[in-house]
Amino acid sequence: MTSSSAPSRKALSKIACNRLQKELVEWQVSPPAGFKHKITDNLQRWIIEFVGASGTLYAEETYQLQVDFPEHYPMEAPQVVFIPPAPLHPHIYSNGHICLDILYDSWSPAMTVSSICISILSMLSSSTEKQRPADNDRYIKNCRNGRSPKETRWWFHDDKV
């Protein structure tokens, strides 16, 4: 099952293809601990499975991320969402959208899929309670018809979790 909030799918630029092929090779040699790239023939969409870190609220729970790469990656951030069911977390909406600054305003072309994965795992690991964002229902209602999380104007105000 994949997310319905897929961005418009323009072909990857040559720079994006080269960068993704390099990242894929690096991933195959040395993936981030606990993460697994599910092999497909689509370089533009990666499915990544991971297990919550031990000693955290999400220990031994398995989740999947869908990473959609834009035409001009890495100059533009990929769209990253959880494939349902998304974990209960104050910055993860029930539709899988993730409120994490590096996926939007704080993106840097120096970041990689591995660094995104580590940041998401860190965000989960630092949580002290399992709950949805306070505005989950309103947000989900506004996301009908496949709205991308990149169309959201996020307010990054809470760095505790």
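By the naming in an unreviewed UniProt entry, the protein goes by E2 ubiquitin-conjugating enzyme and is assigned to Apostasia shenzhenica. Here the protein is described in UniProt, under the heading Function (unreviewed entry), as follows: "Accepts the ubiquitin from the E1 complex and catalyzes its covalent attachment to other proteins."

A. Up close: the sheet that holds strand E2 (residues 45-51). Spatially, E1-E2-E3-E4 is the arrangement adopted by the four strands of the open sheet, whose pairing is antiparallel. The open sheet is flanked by strand E1 (35-38) and strand E4 (79-83), the only strands paired with a single partner. Direction aside, the axes of adjacent strands within the sheet are offset by 25 degrees on average. Taken together, the four bridges between E1 and E2 define a ladder with antiparallel strand orientation. The residue of E2 that forms the bridge with His37 is Ile48. Packing against the sheet, helix H1 (residues 14-29) makes contact with E1 and E2, and its axis sits at approximately 25 degrees to E2.

B. Fine view of the confidence of the model for the protein. For the protein, per-residue confidence averages 87 on the pLDDT scale, and 83% of positions sit at 70 or higher. Ranking the helices and strands of the protein by mean pLDDT puts strand E3 (residues 62-68) first, with 97, and helix H3 (residues 136-142) last, with 84. Counted against residues more than four places away or in other chains, residues 1-7, with its pLDDT under 50, gives 18 contacts.

C. Structural context of the environment of Ser114. Topologically, Ser114 is positioned in helix H2 (residues 113-125). Taking the C-alpha atoms as reference points, Ser114 and Ser30, separated by 84 residues in sequence, lie 9.6 Å from one another. With sequence-adjacent residues up to four places away left out, Ser114 is seen in contact with Trp27 and Pro32.

D. View of unusual backbone geometry. Tyr73 connects to Pro74 through a cis peptide bond whose omega is 5 degrees. Along the chain, the position of Pro74 falls in the loop between E3 and E4. In this chain, Pro84 is followed by Pro85 through a cis amide linkage whose omega measures 5 degrees. Mapped onto the elements, Pro85 comes out in the loop between E4 and H2. The phi angle at Glu60 is positive, at roughly 65 degrees, despite the residue not being glycine. Structurally, the position occupied by Glu60 is in the loop between E2 and E3.

What counts as what
- Residues numbered from 1 in each chain as written.
- Predicted model: local features only at pLDDT ≥ 70, side-chain atom pairs only at ≥ 80, totals over all residues.
- Heavy atoms only, no water.
- UniProt positions renumbered as here; feature names shortened; annotations may be inferred.
- Pairing = 2+ DSSP bridges.
- Helix = DSSP H or I, 4+ residues; strand = E, 2+ residues; numbered from the N terminus.
- Axes fitted to C-alpha atoms, helices over the stretch in contact; angles between N-to-C directions.
- Contact = heavy atoms within 4.5 Å.
- pLDDT = per-residue confidence, 0-100.

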